[in-house]
Amino acid sequence: MNKLRSEELEERVYDLIGIGFGPSNLALAVAIREDAESASVKPKSFLFLESKEAFAWHPDMLVDSARTRSSFMKDLVTLRNPDSRFSFLVYLQESGRLVDFVNLRKFFPSRAEFNDYYRWAAEQVQDLVSYGSRVTAIEAVEEAGGRVQLLRIRYQRLKDGSTFSCLTRNLVYATGGCPKFPPGVSTTDDGRVFHSQNFLSQLCANFPDDRATHQFLVVGSGQSAAEIFQYLYKHYPNADVTATLRRFAYQPANESHFANTIFHPEMTDFLYDLPKADRKRLIAEHYDTIYSAVDLDLLAEIYRELFERRVIGNEQIRICSMLELRRIELLENGQVRAEFFNLVKRSTEYWNADGIILATGFRRNGIPPLLESLTGYLQQDHQGSFEVDRSYRISAADGFAPQIFLQGFCESTHGLSDTLLSVLPVRAKEILDALDGDSVAVGTSTSQQSQIPGMSSPHPDWRLSLRRGS
Ligand SMILES: Cc1cc2nc3c(=O)[nH]c(=O)nc-3n(C[C@H](O)[C@H](O)[C@H](O)COP(=O)(O)OP(=O)(O)OC[C@H]3O[C@@H](n4cnc5c(N)ncnc54)[C@H](O)[C@@H]3O)c2cc1C
């Protein structure tokens, strides 16, 4: 709670501020620009605050030729507006690579190329963004009688530490997830233990000699863990690299056609409509499409590498399964000791290493840290998450006027696409429409209902049949 102070009256007031400028808010900025160009909407003031100095999509995981896991058509616009000047195909044409890309015959561009596409799009909306600006606090500005019309956003310029604030009528929160760690484990300040989120920069800073005989441990069984394992044995040829998995083996991502329909935009309506328990079950049934799931091609490459090393008696790299990381201890000789619980032998074992990389995922559930200050005004469910309507808007108490939208924090209500690139263009438009007062009616998505080829069912579309309860 924060009364408007006189010295702050000069603060600029925006109609909408976006926190974070990754793909989610970039898609929103592009939708704003397209709306403005269509001249059908009244002008509003927008600002996006991003802590990085320039646009970058997971820059510390831009390893070698890592591929996107979504089709290039799941760009910033195509699923909503295939005519858009912000599409991946227009980017390719302007870059002079359209025909060559077509000749690649691949739906999944490299992450480096998609990052470059995002940068190209971000340059066209850069007047809406303040880079190098880390938001440090969000405060409700209380008026007499306790009503709240505005939020104060405090942010810090990273280059000189100077602090600023501005006011907004509405907010879109899209900061991405926070690194997740096993209980009792965290990163270390000396750079010997770090999260995959900072992989390349920490590796270069702390292990600059790629010919050294370092010992590395990689913890995790998902795509990032597998990519890091491969990167280390390729780029540190003299290193000893161990991948540790809690499960028995790396599992392939389920990329099959029918499972993949869970990411179709119209599934957001379908899932949001379901009773909570059914939704939870359906989402959990499809976890293997994204969580702890590795591309089959990458698994084949790693398996072949291990096999070929066995042929020549090279034992520098290995995968050790059924190990649960419990604790990490810094040793005086400059190494780190990891304590694992062996889930088969039911006993503790220790591994020493020069560096440990925690590819243990991201946390997006619960209350996002910067919104904790507003919990008194916002409604929460029984699990302590915010109540969110179909338009991604947090339900607020009477007298609290700012609309707060979440991008990437609604998986439990809106489905598995929420943390991915799959619905970015559609979601951006739904949020803009809701801002203008045109909320998405439940069960009437802006996208078309699609049919699954070859599926025989009493109803032409099995999802519609489910929705009707048959
Ligand atoms: C290595 C990797 C690869 C992936 N590949 C795919 C893929 O191929 N396909 C797919 O569908 N999904 C993929 N994902 C999932 C990923 O979540 C999405 O690709 C996408 O990044 C989500 O976008 P976002 O804007 O919501 O979040 P993010 O991309 O995480 O962006 C959030 C932004 O907010 C900024 N920020 C955070 N806090 C603050 C603050 N306090 N102040 C100001 N700015 C702040 C961050 O700097 C960041 O730029 C991948 C994830 C990872 C980690």
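Only a predicted model underlies this, so the values are computations on that prediction, with no experimental measurement involved. (Residues numbered from 1 in each chain as written. Predicted model: local features only at pLDDT ≥ 70, side-chain atom pairs only at ≥ 80, totals over all residues.)

### Considering the environment of E11
Right, on to step 1. Position of E11 among the secondary structure elements: in the loop between β1 (2–3) and β2 (13–14).
Right, on to step 2. Residues E11 and A27, 16 residues apart in the sequence, show an inter-C-alpha distance of 27 Å.
Right, on to step 3. If we ignore the near neighbours within four places in the chain, the residues touching E11 are S165, C166 and L167. (Helix = DSSP H or I, 4+ residues; strand = E, 2+ residues; numbered from the N terminus. Contact = placed C-beta atoms within 7 Å.)

### Remarks on the confidence of the model for the protein chain
Right, on to step 1. Confidence in the prediction for the protein chain averages 91 pLDDT; 91% of positions are at 70 or higher.
Right, on to step 2. Per-residue pLDDT stays below 50 along residues 1–9; that stretch engages in 11 contacts with residues further than four places along the chain or on separate chains.
Right, on to step 3. Considering only residues more than four positions removed or in separate chains, one finds that residues 443–470, a stretch of pLDDT under 50, has 35 contacts. (pLDDT = per-residue confidence, 0-100.)

### Let's talk about the sheet that holds strand β15 (residues 323–330)
Across a sheet, paired strands are connected by hydrogen bonds in the backbone, their directions being either parallel or antiparallel.
Right, on to step 1. The sheet built from three strands is open, its strands ordered β15-β16-β17 with antiparallel pairing. Either end of the sheet is taken by a strand with one partner, and the two such strands are β15 and β17 (347–353). On average, each strand axis in the sheet is tilted by 25° relative to the strand beside it, whichever way the strands run.
Right, on to step 2. Here β15 runs beside strand β16 (residues 336–342); their pairing, made up of seven bridges, is antiparallel. Following the sheet pairing, I328 is matched in β16 by A338. (Pairing = 2+ DSSP bridges. Axes fitted to C-alpha atoms, helices over the stretch in contact; angles between N-to-C directions.)

### Examining the environment of F164
Right, on to step 1. By secondary structure assignment, the location of F164 is in strand β8 (residues 163–168).
Right, on to step 2. Along the sequence, F164 and A353 sit 189 residues apart, while their C-alpha atoms lie 43 Å from each other.
Right, on to step 3. Excluding residues that lie within four positions of it along the chain, F164 makes contacts with Y155 and R157.

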